[in-house]
Amino acid sequence: MTKTRRKPEVQVDFDTNLKDIIKKLFREALELMHPELAAQVDWKRPPEFMEQAMRRLIKAYLGGAKYCDILAKLWLLTGEEKWLLLHWEIEVDPKINFGKRMLEYRMLLFLQHKIEDIAALVLFAGEKNPNQVNFYEYSFAKTKLRYEFPVFVAWNQDEQALQASENPFVIAILAIQYVLKTKGNLDDRLLLKEKLYELAAAKNMDNQKLAHLLIFVEYFVSLPSRLEDIFVKRLHEKIQMEEAMPDIAKSPQVRRLADAMFHGAYGAFPQDVLRRVKKAESQAKKAENQTKKAENQAKVMARQMHKAIYHMYLVGLSVLEIAKAFNLPEDQVQAIIAQEGASQAAG
């Protein structure tokens, strides 16, 4: 009897990845999931995250493995200080008492901080489930209690509307949908992961947020090593094909993907590295007769730039494009590549 070959299992870390991207794009996440509240927030004052203290409180009073994912202190445009309890339920089979747990969190916050104005928000990131509720209700002997809270259900959002939205956080919601949709069909997940990269690059956001989203997609939309290798190969090929085109035909989205990949490898964008190098060189000239510290810093930054140039060359960018990115003569870029290549071979 022929045994059916099982497809490789791929574990997706919902908790860690979602919490990380929500905190990095907190404003965009709140504007998407709770626009009424987001419009009242004074975004000039960054949110203060306090979930660690809340977790200790929950453990002390409720025990077990319950915890609060994100607790943020926000300031409103009126100058008031408000609390936002942002919790998402990601279990495949949410517990039937989820609504009661949300009420328990609110009561703990009230008892600890003596404040009434506490907002709650739930992101349901799991599959459709009857326990994905937006309230808790209790009644006994004519005593009644009902606690309601807003919920954002990822699987129930319109895919086309998400794709058309300019809010960068929709990429995270689409990623949730695509992961749920492709359980057991990882070939389709590969195609949808490529689609997410393209959608992210086409959104109107700064490169820093783009890099955060691409890193989120990379880890959240998990693939087995064979398919991940195909994904990376196709991405590099696409970048190389774009670099071979005349400037007028080049895609700015692909250029941004290349920059974001560079950021993922080095923690900075090519333009940022260049600015740091120029700043360090300028400081070195001014301090030439007083200290050698700035000169050493310039050398370190120049060394980082040389490594960055060589990395960009290895992933397929042309000498011309690298020269334009760093505003350097092509012959200087060629000399740096040759020098780095010789150094790598000798090492």
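Relevant structure appears above.
Let me begin by describing the structure that accompanies this report. (Residues numbered from 1 in each chain as written. Predicted model: local features only at pLDDT ≥ 70, side-chain atom pairs only at ≥ 80, totals over all residues. Heavy atoms only, no water.)

Tracing the backbone through its elements, the reader meets glutamate 228 in helix H10 (residues 225–243). Apart from the residues within four sequence positions on either side, glutamate 228 is in contact with Lys193, Glu218 and Leu223. (Helix = DSSP H or I, 4+ residues; strand = E, 2+ residues; numbered from the N terminus. Contact = heavy atoms within 4.5 Å.)

Our focus in this paragraph is the packing of helix H14 (residues 319–326) against helix H15 (residues 330–346). One can describe the packing of H14 onto H15 by two numbers: an axis separation of 9 Å at closest approach and a directional angle of 110°. Accordingly, the angle class assigned to the pair H14 and H15 is roughly perpendicular. Of the residues in H15, those in contact with Val319, Leu320, Ile322 and Ala323 of H14 are Glu330, Val333, Gln334 and Ile337. (Axes fitted to C-alpha atoms, helices over the stretch in contact; angles between N-to-C directions. Parallel < 35°, antiparallel > 145°, perpendicular 65-115°, else oblique.)

Time to look at the nonpolar core. Counting 55 residues, the largest nonpolar core has Phe26, Leu30, Phe169, Ile173 and Phe220 as its most contacted members. Here this core takes 10 residues from helix H7 (residues 170–181), the largest share from any one element. When near neighbours in sequence (up to four residues on either side) are disregarded, isoleucine 173 contacts Leu32, Leu123, Phe152, Ala154, Gln157 and Leu162. Core analysis: the next-biggest nonpolar cluster, separate from the first, contains 21 residues, Ile58, Phe98, Tyr105 and Val153 among them. (Core = buried A, V, L, I, M, F, W, Y, C linked by side-chain atoms within 4.5 Å. Buried < 20%, exposed > 50% of the residue type's maximum accessible area, 1.4 Å probe, protein only.)

Moving on: the packing of helix H1 (residues 14–24) against helix H9 (residues 207–220). H9 packs onto H1 with a crossing angle of 170° between their chain directions and a minimal axis gap of 10 Å. With respect to H9, the axis of H1 lies roughly antiparallel. Of the residues in H9, those touching H1 at Phe14, Asn17, Leu18, Ile21 and Lys24 are His212, Leu213, Phe216, Tyr219 and Phe220. Looking at the contact of H1 with H9, its residues break down into 7 nonpolar, 2 polar and 1 charged. (Nonpolar A, V, L, I, M, F, W, Y, C, P; charged D, E, K, R; others polar.)

Applying the stated criterion across every chain, the model contains 7 aromatic pairs. Ring centres of phenylalanine 216 and phenylalanine 220 lie 4.9 Å apart, and the angle between their planes is 20°; this geometry places the pair in the stacked category. One end of the pair, phenylalanine 216, and the other, phenylalanine 220, are both in helix H9, 4 residues apart, so they sit about a helical turn from each other. Through successive ring pairs, a cluster of aromatic residues spans Phe98, Phe124, Tyr147 and Phe149. If you follow lysine 23 out to its NZ or CZ, it ends over the ring of phenylalanine 49, 4.6 Å from the centre. Sitting above the plane of the phenylalanine 135 ring, arginine 146 keeps its charged end 4.2 Å from the centroid. (Phe/Tyr/Trp six-rings, centres within 6.5 Å; stacked < 30°, edge-to-face > 60°. Lys NZ or Arg CZ within 6 Å of the ring centre and 35° of its normal.)

The grouping of Tyr138, Phe140 and Leu145 at the surface amounts to a nonpolar patch, some 330 Å² of accessible area in total. Summarising the element assignment, phenylalanine 140 is placed in strand E5 (residues 135–140). (Patch = residues over 30% accessible without salt bridge, like charges linked within 9 Å, V, L, I, M, F, W, Y side chains within 5 Å. Areas by Shrake-Rupley, 256 points an atom, 1.4 Å probe, with all protein chains shown as cover. Salt bridge = Lys/Arg side-chain N within 4 Å of Asp/Glu carboxyl O.)

Although it is not a glycine, alanine 141 sits at a positive phi angle of roughly 50°. Among the structural elements, alanine 141 can be located in the loop between E5 and strand E6 (143–148). Phi angles above zero are rare outside glycine, and lysine 142 is one such case at about 70°.

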